[in-house]
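# Understanding the architecture of this molecule
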Amino acid sequence: QVQLVQSGGGLVRAGGSLRLSCAASRYIFGINIMAWYRQATGKQRDLVAGIVTGGATTYVDAVKGRFTISRDNAKNTMYLQMNSLKPEDTGVYYCKIDASNGAYWGQGTQVTVSS
């Protein structure tokens, strides 16, 4: 069973930066999309950023120009670099990998941005 283990996150002031990491416990065959989601308290889990196998990326408008999704295939790890953080970026961030044999989720990590 593949596990996605997240690290990073925490408390930061508005304007600060954080980097989230998501490491797979082993190689995942047939990855289609790697993505980061965010869930604010009392709200649904929404897509923040995604990267497909070919390297193309997509971002929700609210984070464009501030967040960068990337991956290191050799380390089975994906990242989310978050700059110029705003209080509205606060929430639990989850990584997700969609592969040919199913979808995998990380355990979630809290990001809190103070004003």
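The structure under discussion appears in the preceding block.
Just so we're clear, the structure is a prediction, and the values are computed from it rather than from any experiment.

We now examine the overall build of the chain. Each helix and strand in the chain was counted, giving 0 helices and 11 strands. In sequence order, the secondary structure elements of the chain are arranged as β-β-β-β-β-β-β-β-β-β-β. Radius of gyration (C-alpha) of the chain: 13 Å, near the 13 Å computed for a compact globule of 115 residues. Each of the three principal axes of the chain carries a C-alpha extent, and together these read 40 × 25 × 25 Å. Looking at the chain as a whole, 39% of its 115 residues qualify as buried.

Pairing is antiparallel in the open sheet, where 4 strands are placed in the order β1-β3-β8-β7. Since the sheet does not close on itself, it has two edges, and those belong to β1 (4-7) and β7 (67-72), each with one partner. Each strand axis lies, on average, 15° off the axis of its neighbour in the sheet, ignoring direction. Bridging between β1 and strand β3 (residues 18-24) involves 4 bridges; their strand directions are antiparallel. Among the inter-strand pairings, Ser7 is bridged to a residue of β3, identified as Ser21.

All right, on to the packing of aromatic side chains then. Counting across every chain of the model gives 2 aromatic pairs. On the numbers, 6.3 Å between centres and 85° between planes, the contact of Tyr94 with Trp105 is edge-to-face. Taken as a pair, Tyr94 in strand β9 (residues 91-99) and Trp105 in strand β10 (residues 102-105) lie far apart in primary sequence, 11 residues in all. On the basis of relative accessible area, Tyr94 is assigned to the buried category, the value being 14%. Relative accessible area serves as the criterion here: at 35%, Trp105 is assigned to the partly exposed category. Members of the aromatic cluster, joined through ring pairs, are Tyr37, Tyr94 and Trp105. Sitting over the face of the ring of Tyr94, Arg45 holds its NZ or CZ atom 3.5 Å from the ring centroid. Looking at Arg45, its charged tip hangs above the ring of Trp105, at a distance of 4.7 Å from the centre.

Take the pairing of strand β8 (residues 77-82) next. Most of β8 sits inside the fold, with 5 of its 6 residues counted as buried. Judged from the 6 bridges that link them, β3 and β8 form a sheet pairing that is antiparallel. Each residue of the ladder has a partner; that of Arg19, found in β8, is Gln81. Bridge count between β7 and β8: 6 bridges; the pairing is antiparallel. Across the sheet, residue Ser70 finds its bridge partner in β8, namely Tyr79.

Reading the values: rules and limits
- The residue count restarts for each chain, going from 1 along the sequence in the order it is written.
- Only residues with pLDDT of at least 70 are given local features in this predicted model, and only at 80 or more are side-chain atom pairs given and counted; all residues enter the totals for whole chains, interfaces and linings.
- Side-chain descriptors were evaluated using all non-hydrogen atoms of the structure, hydrogens and water having been removed beforehand.
- Helix and strand definitions here come from DSSP, where helices need a minimum of 4 consecutive H or I residues and strands a minimum of 2 consecutive E residues; each element is numbered from the N-terminal end.
- We compute the radius of gyration from the C-alpha atoms alone; for a globule the expected value is 2.2 Å times N to the 0.38, where N is the number of residues.
- Each residue gets one of three labels from its accessible area relative to the maximum for its type: buried under 20%, exposed over 50%, partly exposed in between, using a 1.4 Å probe on protein chains only.
- At least two bridges found by DSSP between two strands are what make those strands a pair.
- In this analysis, axes come from line fits to C-alpha atoms, helices being fitted only over the stretch in contact, and the angle between any two N-to-C directions falls in the range 0 to 180 degrees.
- Paired rings are identified among Phe, Tyr and Trp, the last through its six-membered ring, by centres lying within 6.5 Å, and are further divided according to the angle between planes into stacked (under 30 degrees), edge-to-face (over 60) and tilted (the rest).
- Only lysine NZ and arginine CZ atoms are considered, and such an atom sits over a ring when it is within 6 Å of the ring centre and within 35 degrees of the ring normal.

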